[in-house]
Amino acid sequence: MVEAQAANGLRLWAKNFERVVAIMPLATSRPAGAMVALDASEPAISVEPVPFAYRPDVFLRQLSPVRRRMRELIAQADYLSFALGGLIGDWGAVAALEAHRMGRRFAVWTDRVESEVVRRSAGEGRFRSRLRARLTHRPMAWLERYVIERSTLGLFHGRDTFEAYSGFCSNPQIVHDIHLKRSDHISAAQLHHKLQGCRQGPLRIVYVGRADAMKAPLDWVETLELLARENVDFRAVWLGDGELHADLVSRIELAGLGARVTAPGYVADREVVLRALRDAHVFLFCHRTPESPRCLIEALVSGCPIIGYESGYARDLIASAGGGAMVPSGEVAMLAKALAALDRDRETLQRMIMSATQDGKPFDEELVFRHRSELIKEHLAP
């Protein structure tokens with residue numbers, strides 16, 4: 001069983017290469033997300049399991065045999081691309097360093113600045129988590145830089161990761177990693193219905209993602225609390241679970257927003273999630289860390305303007321048509337005022353919905369995986 005998006009990614013890679021070998025850790029328990037069996041009719045895909053080794057003792061015990069197997073796989077491959085993201089148990093970094101020792105060119109892939117995410121979490125959560133973050137974020141940043149400096153090609157998902165890592169890389173490229181088919185985009189009929197419906201009635205607000213510290217769910221609720229004080233009629237929903245989900249629900253009740261705001265938790269049905277995005281007038285987000293969350297792209301392809309904290313990634317997504325609005329990070333009052341302004345000016349909201357649809361048009365999973373594959377073939381040819 002493989003995580004559903006990972007399985008889809010393997011299928012998309014296999015459309016661009018004769019054979020794909022994915023090195024993946026075995027989970028110690030069944031993950032919360034959707035899991036699927038790899039299609040037996042896909043002979044071009046094979047999975048090489050490695051241990052789940054995020055504990056130092058397990059990692060050190062497994063390092064030598066895993067390195068030997070990695071060297072065998074690297075020797076057989078024409079092209080090499082490794083994902084970075086961690087420290088202890090980061091098999092992608094181990095594979096990249098093995099490739100470097102063997103004199104092989106390779107690409108690195110990141111979709112967030114992992115060391116910075118960890119650094120910012122050092123002041124939040126339980127004592128053990130805070131201590132781990134304080135001890136690991138600096139060596140993690142060193143490892144990221146060390147590997148990227150030795151790569152031939154940097155595949156950086158979104159502007160934030162590109163800006164963080166491009167200075168260490170000889171050939172940095174902005175790429176995207178999404179799992180959206182052309183059929184997932186909002187249709188002309190759905191867009192027309194949405195534009196007509198947003199003229200009146202409550203402002204409909206949505207967020208899709210995990211309720212974790214890096215998503216600042218309590219900022220999200222505080223923004224809605226301030227919006228209520230502005231006498232704005234709205235309905236909001238947070239789709240997703242996470243370590244702060246219980247805190248999110250409690251904060252909603254404490255703010256007296258239970259009749260307007262819901263947080264049902266994780267929704268496995270992808271069509272239900274896309275329907276929620278198509279129905280919403282705005283996508284409200286409070287991301288605090290340099291990452292490239294796919295939910296912003298999912299919102300845009302659903303004709304849902306993105307309203308939230310400013311970042312290079314979010315700004316880049318709407319640079320073409322202006323399908324959203326940004327405020328400085330942490331400025332919940334400004335965020336609430338931006339939403340209130342859209343509620344009062346429904347013509348501007350309509351225009352922003354149309355702009356979001358335009359900004360979302362380039363995002364198609366077939367195209368973005370082909371783009372990455374072509375970069376790999378161009379710059380890492382045997």
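Our subject is the structure that appears above.
The text that follows walks through the structure, step by step, so that each part is easy to find. Note that the structure is predicted; figures quoted are calculated from it, not measured.

1. Looking at helix α2 (residues 56-76)
Turning to step 1, where the next piece is worked out: Compared with an ideal rise of 1.5 Å per residue, which puts 21 residues at 30 Å, α2 spans 29 Å between its outermost C-alpha atoms and is within 8% of the ideal.
Turning to step 2, where the next piece is worked out: Its maximal kink placed at Leu-63, α2 deviates by approximately 45°, while the proline Pro-65 follows within four residues.
Turning to step 3, where the next piece is worked out: Of all the residues in α2, the buried ones are Val-58, Phe-59, Val-66, Met-70, Leu-73 and Ile-74.
Turning to step 4, where the next piece is worked out: Buried positions along α2 lie against β2 (20-25), β4 (45-50), β5 (81-83) and α3 (91-101).

2. Examining the nonpolar core
Turning to step 1, where the next piece is worked out: Counting residues in hydrophobic clusters, the biggest one holds 88 residues, and the most contacted among them are Ile-205, Trp-220, Leu-224, Phe-234 and Phe-283.
Turning to step 2, where the next piece is worked out: Here this core gets 6 residues from one element, more than from any other, and that element is helix α11 (residues 294-301).
Turning to step 3, where the next piece is worked out: Core analysis: the second largest hydrophobic core is formed by 27 residues, Leu-80, Leu-97, Tyr-165 and Cys-169 among them.

3. Quick look at the sheet that holds strand β7 (residues 153-157)
Turning to step 1, where the next piece is worked out: Here we have 4 strands laid out as an open sheet, ordered β5-β6-β7-β8, and parallel in their pairing. Strands with a single pairing partner mark the edges of an open sheet, and in this sheet they are β5 and β8 (172-175). Strand-to-strand, the axes of this sheet are offset by a mean angle of 25°, without reference to chain direction.
Turning to step 2, where the next piece is worked out: In terms of strand pairing, strand β6 (residues 107-110) meets β7 through 4 bridges, oriented parallel. Bridge assignment links Ala-107 to a residue of β7, and that residue is Leu-153.

4. Details of unusual backbone geometry
Turning to step 1, where the next piece is worked out: Of note, the phi angle at Ala-216 is positive, near 50°, even though the residue is not glycine.
Turning to step 2, where the next piece is worked out: Ala-216 gets classed as buried once you look at its relative accessible area, which sits at 6%.
Turning to step 3, where the next piece is worked out: If you check the backbone angles, Asn-231 has positive phi at about 60° while not being a glycine.
Turning to step 4, where the next piece is worked out: As for its placement among the helices and strands, Asn-231 is situated in the loop between α8 (217-229) and β10 (234-239).
Turning to step 5, where the next piece is worked out: On the basis of relative accessibility, which here comes to 72%, the residue Asn-231 falls in the exposed class.

5. What about the sheet that holds strand β9 (residues 203-208)?
Turning to step 1, where the next piece is worked out: In space, the 6 strands of this open sheet follow the order β11-β10-β9-β12-β13-β14, with parallel pairing throughout. Bordering the open sheet on either side are β11 (261-265) and β14 (324-327), each of which pairs with just one other strand. Sheet twist, expressed as the mean angle between neighbouring strand axes with direction ignored, is 20°.
Turning to step 2, where the next piece is worked out: In terms of strand pairing, strand β13 (residues 306-309) meets β14 through 4 bridges, oriented parallel. Its bridge partner being in β14, Gly-308 is matched across the sheet by Met-326.
Turning to step 3, where the next piece is worked out: Seen against the sheet, α11 touches β9, β12 (282-285) and β13 and runs at an angle of roughly 165° to β12.
Turning to step 4, where the next piece is worked out: Contacting β9, β12, β13 and β14, helix α13 (residues 332-344) crosses the sheet at an angle of about 165° to β13.

The rules behind each value
Residues numbered from 1 in each chain as written. Predicted model: local features only at pLDDT ≥ 70, side-chain atom pairs only at ≥ 80, totals over all residues. Heavy atoms only, no water. Helix = DSSP H or I, 4+ residues; strand = E, 2+ residues; numbered from the N terminus. Expected span 1.5 Å × (residues − 1). Bend = angle between axes of the 7 residues up to and from the residue. Buried < 20%, exposed > 50% of the residue type's maximum accessible area, 1.4 Å probe, protein only. Contact = heavy atoms within 4.5 Å. Core = buried A, V, L, I, M, F, W, Y, C linked by side-chain atoms within 4.5 Å. Pairing = 2+ DSSP bridges. Axes fitted to C-alpha atoms, helices over the stretch in contact; angles between N-to-C directions.

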